[in-house]
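Tertiary structure, described
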Amino acid sequence: MQLFIEIYGFLSVVLRGFILAAQSVSVGGLAFLLLLVWPLADALGPSGAVLERRALRLVFLSACGLVAAEALAAASLTLMLAGTLDIPVREAAEARAVAVDLMAALLGAVVALSAWRGRRGGVAIRSAAPVLAALLIGVQAGATHAVSQFEGALALAGAELLHMGGAAVWIGGIPYFLMALTDVADPRARAEIASRFSVMAAGAVAALLAGGLLMAAYYVGAPEALYGASYGVMLSAKIVLFLGLLFLGGLNFLAVRKLRNEPAGPLLRTRRFAETEIGVGLTVIFCAASLASLPPARDLPNDRASFAEIVDRLEPRLPVRLDSPDFEALSAALPAEATKDLPPGTQPRRAADIAWSEYNHHWAGLFVVAMGVMALLERMSRRLAPIMRHWPLVFIGLAGFLFLRADESVWPLGRLGLIESLRDPEIAQHRLLTLLIVAFGLFEWRVRLGRVTKWWAPYVFPISTATAAAFLLTHSHALTNLKEETLIEITHTPLALVGVAAGWSRWLELRLDGEAKKIAGFVWPVAFILAGLMLVFYREA
Amino acid sequence: MGLFRLVSLVACLALTGGGAEAHAIVLNSTPRPDAIVSGRELAIEIRFNSRIDAGRSHIKLFGREGAAVSLPLDESASEDMLKARATGLAPGSYRLHWQTLSPDGHISQGDIPFRVDR
Ligand SMILES: [Cu+2]
């Protein structure tokens, strides 16, 4: 049951992220239709009708996704409550959050239905769209921190509405903007759409920012909490990602301005930046879902890490640990009887355990630095490139290292035999993962050598890097010591941010051309080197 | 967090360990964690940082033998509090386990260990 609750905790965050994303795309589509496609119908001509149908299709699909996710959320919460509290299913289903989920599912169904009918020529959606969009955002605000507050609940709910509405119109609107760039053939109409979308996005960013600032002021309270508490660290990560989005949006804004002067100009950059904005936007949305599951920093004034403690933890210190402590010194070497009374996860960590973990991180970091340096040299030196392009093979070295080192209780270090150890589900998972890293490295290697020619193959690397980084942001630790947890988070969050940058800059390198492609091609190896260095200087105490 | 947790996340199998925690946290409680109390009866109060749904919460008392008793919750508690009463306590170590639901749908849980002395 305990495990079930923990898995549920993680799943509910992922599900909430999915709900926020689906809702944003639905609302973003309705706003795009309302503010752009319908008012500009005359200027767009026949391509306007094509665009409208494609947009309605995406609204339909995202609304269906919303219905499915909300239904799943309602069902899993009900089952969870009934199972853990031993109460009848009906009583569990009467929880407020279940009602909110079901209402949102119902609204999603109405949106999906009207979009479907709109595609077949129905015009009802034209008048219903503003109401539906407002209701979709409104009902979602019923399932946030705001409703559980005693003071200021109304102001907070208002801020939440501005924040979610802004995110939906801006980030949720980008896929439709991409559609418009493809579907609208007339350069003049395209330029008009682009400049109108710029204005719309700017307004949405202003609303998002206003709502966000109000919530931050209330939930974080003191500036020190922005780095000293988990909530603040996660919020800071969100702000950094937001700045990244603004940067991409700014590049797009410049491209759009150019488009107005020469309407027939190239669209490639605008499109590629917009794609990247969608990816980073989704990461921010998952980050938001994760933030909603953390206690506001304001409520934990006594468990904060101080600035000095954080500097002490993050400051690179030499020499790094390249010598491992002896196995005999580790807790894992203790006879089983010594720890059998303690529940798993609560065994005390000894100094040797921390040294062991740091040693492992430091060596893994060296592998990552090696990959980054090789990828960089591949781009910088024509003479070295033929050797350096084999950098994905370093993944196999990393996997080998993990195979030998990750589970200290298993052969060759511990007492457990190799086959015997696979009975432990955690160890078995680790072994499976090692295999996955090997497969990933070999795949990327073959892609780089041109032995895999499927069109999607090169995208496996950026997408999995970006997804993994997003997951690293989504998760939170389940330790009991909140301050220690914050200190661990502060070492991992920058790693995740660098991962997001690496994934999406590699994406841009693949998708752009000319000078921009070159720049993107330098960004991700540098991000890899940074991530590696963070691991090399990683400390747990 | 072990290196492998990290790599497993990087390999995007975030399910391998540790769940997300939820945000209802205990501001104060009677008994306080690791408190030593006397007497056969104990009034329990747990106050949270936000509203909670007492109808979908529970407090369980784990005794020395590990057997758990669900304690009936006091209906009169305010919206951010769980209240209950433990009776027939013998000297020894106990653990209170609470689980609660926030109005926004997050489940939180935790433990309060205490000792009964006489
Ligand atoms: Cu919550």
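Basis of the calculations
Residues numbered from 1 in each chain as written. Chains lettered and ligands numbered in written order. Predicted model: local features only at pLDDT ≥ 70, side-chain atom pairs only at ≥ 80, totals over all residues. Heavy atoms only, no water. Salt bridge = Lys/Arg side-chain N within 4 Å of Asp/Glu carboxyl O. Helix = DSSP H or I, 4+ residues; strand = E, 2+ residues; numbered from the N terminus. Buried < 20%, exposed > 50% of the residue type's maximum accessible area, 1.4 Å probe, protein only. Core = buried A, V, L, I, M, F, W, Y, C linked by side-chain atoms within 4.5 Å. Contact = heavy atoms within 4.5 Å. Pairing = 2+ DSSP bridges. Axes fitted to C-alpha atoms, helices over the stretch in contact; angles between N-to-C directions. Patch = residues over 30% accessible without salt bridge, like charges linked within 9 Å, V, L, I, M, F, W, Y side chains within 5 Å. Areas by Shrake-Rupley, 256 points an atom, 1.4 Å probe, with all protein chains shown as cover. Lys, Arg positive; Asp, Glu negative; His and termini not counted. Charge placed at Lys NZ, Arg CZ, Asp CG, Glu CD. Parallel < 35°, antiparallel > 145°, perpendicular 65-115°, else oblique. Nonpolar A, V, L, I, M, F, W, Y, C, P; charged D, E, K, R; others polar. 1 Å grid on protein atoms, 1.4 Å probe; cavity = no way out; pocket = protein on both sides within 12 Å on 5 of 7 lines; lining within 4 Å. Points joined across faces, edges and corners; volume = space filled by probe spheres on them. Polar contact = N/O pair within 3.5 Å; in protein donor to acceptor, adjacent residues only side chain to side chain. pLDDT = per-residue confidence, 0-100. Phe/Tyr/Trp six-rings, centres within 6.5 Å; stacked < 30°, edge-to-face > 60°. Expected span 1.5 Å × (residues − 1).

Moving on, we get to the pattern of salt bridges. Residue and element names in this part refer to chain A. Summed over the entire model, instances satisfying the criterion amount to 18 salt bridges over all chains. Across the pair Asp183 and Arg54 runs a salt bridge, and its minimum N-O distance is 2.9 Å. Taken as a pair, Asp183 in helix 8 (residues 174–183) and Arg54 in helix 3 (residues 46–85) lie far apart in primary sequence, 129 residues in all. With a relative accessible area of 19%, Asp183 lands in the buried category.

As a further point, take the nonpolar core. Judged by nonpolar contacts, the single largest core of 129 residues is most densely connected at Leu30(A), Phe32(A), Trp170(A), Phe177(A), Ile193(A), Phe197(A) and Trp391(A). Ranked by residues supplied to this core, first place goes to helix 1 (residues 2–37) of chain A with 14 residues. The contacts of Phe177(A), once residues within four sequence positions are left out, are Phe32(A), Ile193(A), Ala194(A), Phe197(A), Val256(A) and Thr270(A). Within the second largest apolar cluster, 20 residues are counted, among which are Val37(B), Leu61(B), Ile112(B) and Phe114(B).

The subject of this paragraph is the pairing of strand 8 (residues 107–117) of chain B. Residues and elements named next belong to chain B. Relative to strand 8, strand 2 (residues 35–38) is paired through 4 bridges, and the arrangement is parallel. Bridge pairing links Val37 to Val116 in strand 8. The hairpin turn running from strand 7 (residues 92–101) into strand 8, its antiparallel successor, is 5 residues long, and Gly105 in that turn takes a positive phi close to 100°.

Right, let's talk about the sheet that holds strand 1 (residues 26–30) of chain B for a bit. Residue and element names in this part refer to chain B. Judged by pairing direction, the sheet is antiparallel, and its 3 strands sit side by side in the order 1-3-6 without closing on themselves. In this open sheet, the two edge strands, each paired with only one partner strand, are strand 1 and strand 6 (81–86). Direction aside, the axes of adjacent strands within the sheet are offset by 10° on average. Bridge count between strand 1 and strand 3 (residues 42–48): 4 bridges; the pairing is antiparallel. By the bridge assignment for strand 3, Thr30 is matched with Glu45.

Below, the discussion takes up a positive patch on the surface. All names here are of chain A. On the surface, Arg53, Arg57, Arg119 and Arg120 cluster together to form a positively charged patch. Along the chain, Arg53 turns up in helix 3. Note on Arg53: relative accessible area 43%, which makes it partly exposed.

Quick look at the packing of helix 15 (residues 351–380) of chain A against helix 17 (residues 394–405) of chain A now. Residues and elements named next belong to chain A. With their axes 9 Å apart at the nearest point, helix 15 and helix 17 run at an angle of 170° to one another. As judged from the angle between their axes, helix 15 and helix 17 are roughly antiparallel. Between helix 15 and helix 17, the residues in contact are Trp356, Tyr359, Asn360, Trp363, Ala364, Phe367, Ala370, Met371 and Met374 and Val394, Phe395, Gly397, Leu398, Phe401 and Arg405, respectively. The residue makeup of the contact of helix 15 with helix 17, split by class, is 12 nonpolar, 2 polar and 1 charged.

A word on the sheet that holds strand 4 (residues 53–62) of chain B. Note on sheets: strands pair through backbone hydrogen bonds, and any given pair is parallel or antiparallel. With respect to topology, 5 strands assemble into an open sheet ordered 2-8-7-4-5 (chain B), the strand pairing being mixed. Because the sheet does not close on itself, it has two edges, and the strands there are strand 2 and strand 5 (68–71) of chain B. Averaged over all pairs of adjacent strands, the angle between strand axes in this sheet comes to 30°, irrespective of strand direction. This element, helix 3 of chain A, spans strand 4, strand 7 and strand 8 of chain B of the sheet and lies at about 35° to strand 4 of chain B.

So, on to the layout of surface pockets. The rolling of a water-molecule-sized probe over the atoms marks out the regions of remaining empty space. All names here are of chain A. Here the second largest pocket is characterised by a volume of approximately 890 Å³. Lining the second largest pocket are 42 residues, with His163, Met215, Lys238, Ala288 and Leu291 positioned closest to its centre. Take the lining of the second largest pocket: its biggest share by element is 9 residues, from helix 9 (residues 187–220). Grouping the constituent residues of the lining of the second largest pocket by class yields 28 nonpolar, 10 polar and 4 charged.

Moving on, we get to the side chain of Asp104(B). Tracing the backbone through its elements, the reader meets Asp104(B) in the loop between strand 7 and strand 8. It is Arg16(A) that comes nearest to the buried, bridge-free Asp104(B) among opposite-charge side chains, at 8.3 Å. Side-chain polar atoms of Asp104(B) contact the backbone nitrogen of His106(B), separated by 3.3 Å. Once you skip the residues sitting within four places of it in the chain, Asp104(B) turns out to touch Ala97(A), Ala143(A), Thr144(A), His145(A), Val147(A), Ser148(A) and His23(B).

Moving on to the confidence of the model for chain A. Residues and elements named next belong to chain A. Of all residues in chain A, 87% attain a pLDDT of 70 or more, and the chain-wide mean is 81. When mean pLDDT is compared element by element in chain A, helix 5 (residues 96–119) scores highest at 92, while helix 14 (residues 336–339) scores lowest at 55. A low-confidence stretch, residues 342–346 (pLDDT under 50), is modelled with 2 contacts involving residues beyond four sequence positions or located in other chains.

Each pair of aromatic rings is reported with the distance of its centres and the angle of its planes. All names here are of chain A. Following the criterion strictly, the structure yields 22 aromatic pairs over all chains and no others. Their ring planes at 40° and their centres at 5.1 Å tell us that Phe60 and Trp116 sit as a pair that is tilted. Of this pair, Phe60 sits in helix 3 while Trp116 sits in helix 5, placing them 56 residues apart in sequence. Using a relative accessible area of 21% as the deciding quantity, one classes Phe60 as partly exposed. With centroids separated by 6.0 Å and ring planes inclined at 40°, the aromatic side chains of Phe461 and Phe528 adopt a geometry described as tilted. On the criterion of sequence distance, the pair formed by Phe461 in helix 20 (residues 457–474) and Phe528 in helix 22 (residues 514–536) is long-range, its members being 67 residues apart. Look at Phe461 and you get buried, because its relative accessible area is 2%.

It is worth spelling out the pairing of strand 7 of chain B at this point. Residues and elements named next belong to chain B. Counting buried positions along strand 7 yields 8 of 10 residues, so the element is predominantly enclosed. Across 6 bridges, the pairing between strand 4 and strand 7 is antiparallel. Residue pairing across strands places Asp53 opposite Leu101, the latter belonging to strand 7. As defined by bridge partners, strand 7 adjoins strand 8 across 10 bridges and the pair is classed as antiparallel. Pairing of Thr100 across the sheet is with Ser108, part of strand 8.

Look at helix 7 (residues 153–170) of chain A: 26 Å from first C-alpha to last across 18 residues, which is about the 26 Å you get at 1.5 Å a residue. Turning to helix 7 of chain A, its buried residues number three or more, namely Leu156(A), Ala159(A), Glu160(A), His163(A), Met164(A), Gly165(A), Gly166(A), Ala167(A), Ala168(A), Val169(A) and Trp170(A).

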